[in-house]
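Observations on the three-dimensional arrangement
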Amino acid sequence: MEITDYVEILRREGSLLADAADRAGPDASVPACPDWQVRDLLAHIGSVHRWATGYVTGAPGGRVPFPEAPDLDGPKLVAWVREGHDALVAALSAAPADLSCWTFLSAPSPLAFWARRQAHETTMHRIDAETALGAGFSAVDPVFAADGIDELLTGFLPRDRDRARTTPAKELYIRTTDAPDASGAGCAAWRVRISDEPPRTERVTATGEDDGATTGSGGPAPDCVLEGPAADLYAMLWNRLPWQSSAAVTVTSDEDGSFARLWRELFAV
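If you're wondering where the values come from, they're calculated on a predicted model, not measured in any experiment. Starting from 1, residues in each chain are numbered consecutively following that chain's sequence as written. Per-residue local features are limited, in this predicted model, to residues with pLDDT of at least 70; the limit for side-chain atom pairs, both in listing and counting, is 80 or more; totals at the level of whole chains, interfaces and linings are taken over all residues. Only hydrogens and water are set aside when side-chain values are computed; all heavy atoms of the structure are taken into account.

Scanning the chain for helices and strands turns up 7 helices and 5 strands. Listing every helix and strand of the chain by position from the N terminus yields α-α-α-α-α-β-β-β-β-α-β-α. The globule rule used here is 2.2 Å times the number of residues to the 0.38 power, and the radius of gyration it is set against is calculated over C-alpha atoms. The C-alpha atoms of the chain give a radius of gyration of 19 Å, which matches the 18 Å a tight globule of 269 residues would have. Judged by the C-alpha coordinates and their principal axes, the chain covers about 50 × 40 × 35 Å. Here the chain, with 269 residues, has 51% of them falling under the buried criterion. In the chain, of all internal contacts separated by at least 6 residues, the share reaching a separation of at least 24 is 64%. His is not counted, nor are the chain ends; Lys and Arg add positive charge and Asp and Glu add negative charge. Charge coordinates come from a single atom per side chain, which is NZ of Lys, CZ of Arg, CG of Asp or CD of Glu. The averaged location of the 40 negative side-chain charges in the chain is 3 Å from the averaged location of its 24 positive side-chain charges. In DSSP terms, a helix is any run of H or I states spanning at least four residues, a strand is any run of E spanning at least two, and both are numbered starting from the N terminus. Accessibility here uses a 1.4 Å probe with only protein chains present; expressed as a share of the type maximum, an area under 20% marks a residue as buried, one over 50% as exposed, and anything in between as partly exposed. Whether two residues touch is decided by their heavy atoms; if any such pair falls within 4.5 Å, the residues are in contact.

Structure follows, in structure tokens:
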């Protein structure tokens with residue numbers, strides 16, 4: 001995906017988030033974050049957007065303190081979020097390709113990092129705001145959803161060196177059914193190994209319906225398999241959707257839900 005794609009997604013998702021939060025009201029509960037009401041969600045995303053803008057607009061190599069949300073509520077808090085979101089979109093749109101600033105995940109460039117990270121951060125919290133309304137969430141493009149899965153599995157999980165451990169070792173195979181891999185030869189897929197060492201993710205190409213249930217990339221059969229639309233898998237792996245909740249997703253070898261519980265415990269992001 002291109003930087004301009006991420007910025008356009010961020011533009012759209014931030015607007016959807018604010019609209020949903022406005023409809024839900026500040027007291028509504030956020031299902032995926034039990035300790036949060038919508039006002040907490042808004043305070044968080046509004047501060048995150050301003051924090052990211054600080055890096056994009058003027059912190060070459062330096063660190064930007066995380067800003068505190070103002071003492072606002074209701075429509076004024078929503079307006080504050082919209083203001084910060086607009087400023088971030090404008091900053092990313094105007095930033096030079098050779099932007100130099102701090103990042104915390106590997107990326108082709110700092111600008112690519114912040115555009116991608118904020119697009120996914122905002123999309124996930126847009127899902128939070130929509131589910132606070134008591135209904136499902138609106139569509140996520142399959143290619144973007146697969147990109148968000150990849151960011152989680154190859155970016156965030158390897159950083160979690162202390163918490164993300166388990167014995168005996170377990171393997172999870174994830175196969176999208178509607179998102180091409182980078183080569184275009186098949187669907188995007190990953191094998192994730194969780195053990196007493198830092199988690200390890202391997203990108204693989206799924207070329208047949210039985211790939212995950214058998215060997216995937218040629219290794220032993222995985223302990224659990226998730227196969228389905230990228231958008232559903234995206235929400236599940238980011239712990240925004242219960243693993244057994246989508247009729248379009250096949251969950252293999254997790255009849256008792258033990259792997260799903262392990263994932264929630266180890267990989268809360």
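That was the structure; now back to the text.
The next thing to look at is the pairing of strand 1 (residues 170-180). Pairing between strand 1 and strand 2 (residues 187-194): 7 bridges, direction antiparallel. Its bridge partner lying in strand 2, Pro180 is registered against Cys187. Summarising the sheet, strand 1 and strand 4 (residues 224-228) pair through 5 bridges and their orientation is parallel. Looking at the pairing, Arg175 lines up with Glu227 of strand 4. A pair of strands is labelled paired if DSSP reports no fewer than 2 bridges between them.

As a further point, take the environment of Phe104. Along the chain, Phe104 turns up in the loop between helix 3 (74-94) and helix 4 (110-131). Residues Phe104 and Gly228, 124 residues apart in the sequence, show an inter-C-alpha distance of 30 Å. In contact with Phe104, not counting residues within four places along its chain, are Trp51, Phe113, Trp114, Arg117, Phe156 and Arg159.

Here we come to the pattern of salt bridges. Whenever Lys or Arg places a side-chain nitrogen within 4 Å of a carboxyl oxygen from Asp or Glu, that contact is recorded as a salt bridge. According to the stated counting rule, one finds 16 salt bridges in the structure shown. Taking the shortest distance from any N to any O, the salt bridge between Glu151 and Arg117 comes out at 2.8 Å. Of this pair, Glu151 sits in helix 5 (residues 142-159) while Arg117 sits in helix 4; the two residues are 34 residues apart in sequence, bridging distant segments of the chain. Across the pair, Arg117 and Glu151 agree in class, each one buried. For Glu171, the salt bridge identified is with Arg191, shortest N-O distance 2.5 Å.

Let's shift gears to the packing of aromatic side chains. Each pair of aromatic rings taken from Phe, Tyr and Trp, with Trp reduced to its six-membered ring, is defined by centres within 6.5 Å and is described as stacked if the planes are under 30 degrees apart, edge-to-face if over 60, and tilted in the remaining cases. Going through the model one piece at a time under the given rule, you end up with 16 aromatic pairs. Between the aromatic rings of Phe156 and Trp238, the centroid separation amounts to 5.6 Å while the plane-to-plane angle is 80 degrees, which identifies the pairing as edge-to-face. Taken together, the positions of Phe156 in helix 5 and Trp238 in the loop between helix 6 (230-237) and strand 5 (250-252) put the pair 82 residues apart, joining distant regions of the chain. A relative accessible area of 6% places Trp238 in the buried class. In textbook terms, an aromatic cluster arises when at least three aromatic residues are bridged by ring pairs, as seen for Trp51, Tyr55, Phe66, Trp102, Phe104, Phe113, Trp114, Phe156 and Trp238.

The strand order across the open sheet formed by 5 strands is 3-2-1-4-5, and the pairing between neighbours is mixed. What marks the edges here is a single partner per strand, and that holds for strand 3 (200-206) and strand 5. In this sheet, adjacent strand axes meet at a mean angle of 15 degrees when their direction is disregarded. The pairing of strand 2 with strand 3 spans 7 bridges and is classified as antiparallel. Along strand 3, the bridge assignment pairs Ala189 with Val204. This element, helix 5, spans strand 1, strand 2 and strand 3 of the sheet and lies at about 20 degrees to strand 2. Convention adopted: a line fitted to C-alpha atoms gives each axis, helices being fitted over their contacting stretch, and angles between N-to-C directions are expressed from 0 to 180 degrees. Sitting on the sheet, helix 6 is in contact with strand 1 and strand 4, with an inclination near 145 degrees to strand 1.

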